[in-house]
Amino acid sequence: MPRLALAGCLLWSLGAFLLAGQTGPRLVPTAEIQNEVIEIVRDYILRPTHNDSNLSLTLMQRQYSASSPGQWQLQRFERTSGDSPKIGQFRNMLREPFELATLTSFKWDHWGTLRGRLTYVFAYVVERSRSGWHISQDSLELARAYSGLVYVNVEQRVVLRITRKTVDVPATSKVEEASAVLDYPLAKVGVSRLLLPFKAEEQVRSENLSTRTVVYVYLAPAHLTPIGEVTLASSK
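Reading guide: rules and limits
Residues numbered from 1 in each chain as written. Predicted model: local features only at pLDDT ≥ 70, side-chain atom pairs only at ≥ 80, totals over all residues. Heavy atoms only, no water. Helix = DSSP H or I, 4+ residues; strand = E, 2+ residues; numbered from the N terminus. Buried < 20%, exposed > 50% of the residue type's maximum accessible area, 1.4 Å probe, protein only. Contact = heavy atoms within 4.5 Å. Core = buried A, V, L, I, M, F, W, Y, C linked by side-chain atoms within 4.5 Å. Phe/Tyr/Trp six-rings, centres within 6.5 Å; stacked < 30°, edge-to-face > 60°. Lys NZ or Arg CZ within 6 Å of the ring centre and 35° of its normal. Arc of directions from axis to C-beta. Pairing = 2+ DSSP bridges. Axes fitted to C-alpha atoms, helices over the stretch in contact; angles between N-to-C directions.

A few points about the overall build of the protein chain
Working step 1: In terms of regular secondary structure, the protein chain is built from three helices and 13 strands.
Working step 2: Burial statistics for the protein chain: of 236 residues in total, 41% are counted as buried.
Working step 3: Within the protein chain, contacts between residues separated by at least 24 positions form 57% of all contacts whose residues are at least 6 apart in sequence.

Some details on the nonpolar core
Working step 1: In terms of nonpolar packing, the biggest core is built from 36 residues, with Phe90, Tyr120, Val150, Val152 and Val159 touching the most fellow members.
Working step 2: Among the elements that take part in this core, strand 4 (residues 117–126) stands out by supplying five residues, more than any other.
Working step 3: By size, the runner-up hydrophobic cluster in this structure holds five residues, among which are Met60, Tyr64, Phe198 and Val214.

With respect to the packing of aromatic side chains
Working step 1: Under the defined criterion, the tally for this structure stands at 10 aromatic pairs.
Working step 2: Ring centres of tryptophan 111 and tyrosine 120 lie 5.3 Å apart, and the angle between their planes is 35°; on these two criteria the pair is classed as tilted. An identical accessibility class is assigned to tryptophan 111 and tyrosine 120; each is buried.
Working step 3: Grouping aromatic residues by their ring pairs yields a cluster made of Phe98, Phe106, Tyr124, Trp133 and Tyr146.
Working step 4: One Lys or Arg, arginine 212, reaches over the ring of tyrosine 64 and ends 5.1 Å from the middle of that ring.
Working step 5: The lysine or arginine in question, arginine 212, covers the ring of tryptophan 72, its NZ or CZ lying 6.0 Å from the ring centre.

As for helix 3 (residues 85–95)
One turn of the α-helix equals 3.6 residues, which is why residues spaced by three or four share an orientation.
Working step 1: All of the buried residues in helix 3 are Lys86, Ile87, Phe90, Met93 and Leu94. Taken down its axis, helix 3 places every buried residue within 125° of arc, on the same side.

Overview of the side chain of threonine 166
Working step 1: Of note, threonine 166 is situated in strand 8 (residues 159–166).
Working step 2: Sequence-distant contacts of threonine 166, defined by excluding residues within four places in its chain, comprise Trp133, Ile135, Arg144, Ala145, Tyr146, Glu177 and Ala178.

Digging into the sheet that holds strand 13 (residues 210–219)
Working step 1: Across the sheet, nine strands lie side by side as 2-1-13-12-9-8-7-4-3; this open sheet has antiparallel pairing. At either end of the open sheet lies a strand with only one pairing partner, and these are strand 2 (73–81) and strand 3 (105–114). Taken pair by pair, the neighbouring strands of this sheet meet at an average axis angle of 15°, ignoring direction.
Working step 2: As defined by bridge partners, strand 1 (residues 57–66) adjoins strand 2 across eight bridges and the pair is classed as antiparallel. Residue pairing across strands places methionine 60 opposite arginine 79, the latter belonging to strand 2.
Working step 3: Across the sheet, helix 2 (residues 31–46) is in contact with strand 3, strand 4, strand 7 (146–153) and strand 8; its angle to strand 4 comes to roughly 85°.

A short note on the side chain of threonine 58
Working step 1: Assignment of secondary structure puts threonine 58 in strand 1.
Working step 2: Look at threonine 58 and you get buried, because its relative accessible area is 14%.
Working step 3: In contact with threonine 58, not counting residues within four places along its chain, are Arg79, Thr80, Ser81, Tyr216, Val217 and Tyr218.

Notes on the pairing of strand 8
Working step 1: Summarising burial for strand 8: six of the eight residues are buried, a large majority.
Working step 2: Where strand 7 and strand 8 come together, five bridges link them in antiparallel fashion. Across the sheet, residue valine 150 finds its bridge partner in strand 8, namely isoleucine 162.
Working step 3: Hairpin connection between strand 7 and strand 8: a loop of five residues separates the two successive antiparallel strands, and arginine 157 in this loop has a positive phi of roughly 55°.
Working step 4: Where strand 8 meets strand 9 (residues 175–183), five bridges bridge the pair, whose relative direction is antiparallel. Paired with arginine 164 across the strands is alanine 180, a residue of strand 9.

Shape descriptors only; they carry no functional weight alone.
As structure tokens, this is what we get:
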């Protein structure tokens, strides 16, 4: 490795270490650092070598409904193995805000800690005309504008969580609000590191009924390397 590149890596690692150990109020990163983080994340996510389609995956999905706030009732449990449309949805949810054609607006929001990791947290907005998030209504698939947060690990500068929530919902819409939280722990498979979907939760609220879907994604044991940063939450 060239000396300049090695020095750059050492400085980056030192900076992440100092940030992680800082106890006082943290300064907002400069605009230059913010832009650099977003571009590093964009390159990592859109890089074609990140391909999880050949891995053996198992999905555990629970669907709930509630006619009153917080009164969730389990409606269905489903376990699937192999390829699933859900994996494609997870992949698109992560990729879309970073696609250049989406013209996403990213903005600094706050420092955060997720699963014990210090994170940069950015807010973002995707306009309806460029949104790939479609919600069913009267047999139609309607695109929705949305906003959300992106949690980026300070040390490796990769996304650990992305959230989204519908905005500017038309008054005539039967779906009043939809939201989603998607976790992407940094899983190590063999000698490669891939951003793999770990857990997703989506909620849709209409006038008389709310639905909630929780999905856990597991790798087959033959491929799984223990992920120290992940703690399985209760899947109730």
